Amino acid sequence: MANGLVRELREVAPRGAGDVPVRDARAAKRLVRGPLLRFETMRRLLRVASLFAIDVGAILLAIWTALELKLAIRGHSDLALAWGQTKEHAPLACLVTVLLFARSGLYGDRAVRPGFARVVASLFQVTLLILVFTIVQGQSFSSYYIFYGSLLFALVYVSAGRWAFDRVSGALLRASGYRRRAVLVGSGPQIEAVAHALAAGSYSELEPIGFVSLTPLPENGLENLGPLDELEKRFDEIDIDEVLIADPAFPQEQAVELVDRCHRHGVRVRVAPSTMEILMDRVEFVPGQTVPLFELKPPVFEGVDFVIKRSFDMVVAGLAVILLAPLMVVVALGIKLTSRGPVVYRSLRPGIGGMPFACFKFRTMYVDADARQADLEHSNEKGGAIFKIRNDPRVTPVGRFLRRWSIDELPQLFNVLRGDMSLVGPRPLPLRDYERLEDWHRKRNLVLPGITGLWQVSGRSELDFDELVRLDFLYLERWSVFLDLSILLKTIPAVIRAKGAW
């Protein structure tokens, strides 16, 4: 919008006979755009200032909480002493945090601002940088609690503060009626899908006001703005803030021309994600070519990536087994006392490379469940390869409770320690489901299967199979240890909500 305003101000007003200026029909728009531009600038300043204050306050509070907790455990609780030590450590921590957050785009606009995973990754980087800096400076510590203690509380405080900011600012924008007017461009089905997704969100700044479709599109409540060639003429007739290309297969030449026209009018252009856009996160630049080339690396964990992921799995799984051992003992007794059969069910499932392994689960079905499978195929409620029945008659009463809270998956921690599985990854499928996979589905078996994954935090059994497989692909292409940590943390509320757990 700002570029469009500058472009208009630079234009020379046309003159009629006698050099009398002809009134510009867009003059009224300038009067409107002035306040709007000032509102946008003020909104951005308030956003950055608010997020800056939240982050700095959260870091201060995190360091103080860690120090005060340490003093309290030692029986020497002293609020003033903890605050004095906080003022000593906080300036460097706050400075590094703000700089790394800015570099990561965490002060950007709501529509493009990264989420929780980037916050976690940036805070880990802050901790590592400060730790290295203090060691290089020759400082010594009796323990490194100040680093990991502050990191733990910073994860909680920064995430909570930013979550509250998003909710409050979203409510204020919604109450003020703030919207960015958008035009959807693409093919009919893709436009329908994106328009539906925007309408389904709890709040979106984008307000679709019309569409330009390369294929016929039935009436859908949006204005048909005509052919693509005439879209530029509409920029001056109606206020358009954004053009959203809603078709991953949009013709390249037309896309380049459309983007150029939009930018000349100060209109932002955004593109709905496509398969190629997802893959671009794992590209590697190949220099020395006459044409810039990017190699699409295979989505497998090897070298340093494998060492990091495996080490993370071993540490977290080992701690989880120790902490959850009492619960697993109680569950084992409950299963043994209420139905015949083994406590742990060993399900043969294809793992990495399709090699089968024994996947451990607490038994949730009667002992004849496998024999009754064929008789229940007609009752399958899921499409694709998955077999699911909401009220499966083979499930025991105790098993239904265990499935409701995903407790039946806990023995898979031992699969992780054995090297059969990872904490996070594509879920291993039973042989019955695996044999029904299409060829393009099998890419998910390039890595170790996981106890949890994007399935579990994105709708679980409520999604159809193709959607679940695409989530697996997204995970493979964008993996990082911070994404694993983010998924693990998001699994807890997903289990509590138990949406799709059946």
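All values derive from a computational prediction rather than experimental measurement. (Residues numbered from 1 in each chain as written. Predicted model: local features only at pLDDT ≥ 70, side-chain atom pairs only at ≥ 80, totals over all residues. Heavy atoms only, no water.)

Trainee: Residue-level account of the packing of aromatic side chains, with values.
Mentor: Geometry of an aromatic ring pair is reported as the spacing of the ring centres plus the angle between the planes. Following the criterion strictly, the structure yields three aromatic pairs and no others. Both rings, one in Phe-101 and one in Tyr-107, keep their centres 6.5 Å apart while their planes meet at 45°; by these two values the pair is tilted. Classification of Tyr-107 as buried rests on a relative accessible area of 11%. Centroid distance Phe-153 to Tyr-157: 6.1 Å. Interplanar angle 25°. Geometry classified as stacked. Here the residue Phe-153 and the residue Tyr-157 both occupy positions in helix 5 (residues 145-176), the gap between them amounting to four residues, near one helical turn. Looking at Tyr-157, the relative accessible area reads 24%, which means it is partly exposed. The ring of Trp-405 carries the charged tip of Arg-404 above its face, separated from the ring centre by 3.9 Å. (Phe/Tyr/Trp six-rings, centres within 6.5 Å; stacked < 30°, edge-to-face > 60°. Buried < 20%, exposed > 50% of the residue type's maximum accessible area, 1.4 Å probe, protein only. Helix = DSSP H or I, 4+ residues; strand = E, 2+ residues; numbered from the N terminus. Lys NZ or Arg CZ within 6 Å of the ring centre and 35° of its normal.)

Trainee: Hey, could you go over the environment of Val-96 for me, with residue numbers and the actual values?
Mentor: Following the sequence through the fold, Val-96 ends up in helix 3 (residues 79-103). For the pair formed by Val-96 and Thr-127, sequence separation is 31 residues and the distance between their alpha carbons is 9.1 Å. Among all residues touching Val-96, those that are not within four sequence positions of it are Val-126, Leu-129 and Ile-130. (Contact = heavy atoms within 4.5 Å.)

Trainee: Summarise the nonpolar core; cite the residues concerned and give the values.
Mentor: By size, the foremost hydrophobic cluster in this structure holds 63 residues, and its most contacted members are Ile-59, Leu-123, Leu-423 and Tyr-475. Ignoring any residue separated from it by four or fewer positions in sequence, one finds Ile-59 in contact with Ala-93, Cys-94, Thr-97, Leu-123, Ala-154 and Val-158. (Core = buried A, V, L, I, M, F, W, Y, C linked by side-chain atoms within 4.5 Å.)

Trainee: Lay out the environment of Arg-363 in plain terms, naming residues and giving numbers.
Mentor: Looking at the element boundaries, Arg-363 is found in the loop between strand 9 (356-362) and helix 11 (397-404). A relative accessible area of 5% means that Arg-363 is categorised as buried. A C-alpha to C-alpha distance of 9.9 Å links Arg-363 and Ser-347, two positions 16 residues apart in sequence. Setting aside residues no more than four positions away along its own chain, Arg-363 makes contact with Ile-335, Ser-339, Arg-340, Gly-341, Pro-342, Val-343, Val-344 and Tyr-345. One polar contact links Arg-363 to Ser-339, side chain to side chain, over a distance of 3.0 Å. At 2.6 Å, the side chain of Arg-363 and the backbone oxygen of Pro-342 are in polar contact. (Polar contact = N/O pair within 3.5 Å; in protein donor to acceptor, adjacent residues only side chain to side chain.)

Trainee: Before we move on, can you summarise the packing of helix 4 (residues 116-136) against helix 5 with the specific residues and values?
Mentor: In the contact formed by helix 4 and helix 5, the axes pass within 10 Å of each other and the chain directions differ by 150°. As the angle between them shows, helix 4 and helix 5 are arranged roughly antiparallel. Judged by the twist between their axes, the crossing of helix 4 over helix 5 is right-handed. On helix 5, the residues that touch Phe-116, Val-119, Val-120, Leu-123, Phe-124, Thr-127, Ile-130, Leu-131 and Thr-134 of helix 4 are Phe-147, Leu-151, Ala-154, Leu-155, Val-158, Ser-159 and Arg-162. A class-by-class count of the residues in the contact of helix 4 with helix 5 yields twelve nonpolar, three polar and one charged. (Axes fitted to C-alpha atoms, helices over the stretch in contact; angles between N-to-C directions. Parallel < 35°, antiparallel > 145°, perpendicular 65-115°, else oblique. Left-handed = near helix turned anticlockwise from the far one by under 90°. Nonpolar A, V, L, I, M, F, W, Y, C, P; charged D, E, K, R; others polar.)

Trainee: Could you give me a rundown of the confidence of the model for the chain, with the residues and numbers involved?
Mentor: Segments scoring low in pLDDT should not have their predicted coordinates read at a detailed level. Of all residues in the chain, 77% attain a pLDDT of 70 or more, and the chain-wide mean is 77. Per-element mean pLDDT across the chain ranges from 41 in helix 1 (residues 2-10) up to 96 in helix 12 (residues 412-418). For residues 1-34, every residue scores under 50 in pLDDT, and the model assigns this stretch 33 contacts once sequence neighbours within four places are set aside. Here residues 285-291 is a poorly scored stretch, pLDDT under 50, and it has five contacts once near neighbours within four places are set aside; other chains count. (pLDDT = per-residue confidence, 0-100.)

Trainee: Break down the pattern of salt bridges for me, with residues and values.
Mentor: Considering all chains together, one arrives at eleven salt bridges under this definition. Salt-bridge contacts for Asp-484 lead to Lys-309; the nearest nitrogen and oxygen are separated by 2.7 Å. Of this pair, Asp-484 sits in helix 15 (residues 481-497) while Lys-309 sits in helix 10 (residues 303-338); the two residues are 175 residues apart in sequence, bridging distant segments of the chain. Accessibility assignment for this pair places Asp-484 and Lys-309 in one class, buried. (Salt bridge = Lys/Arg side-chain N within 4 Å of Asp/Glu carboxyl O.)

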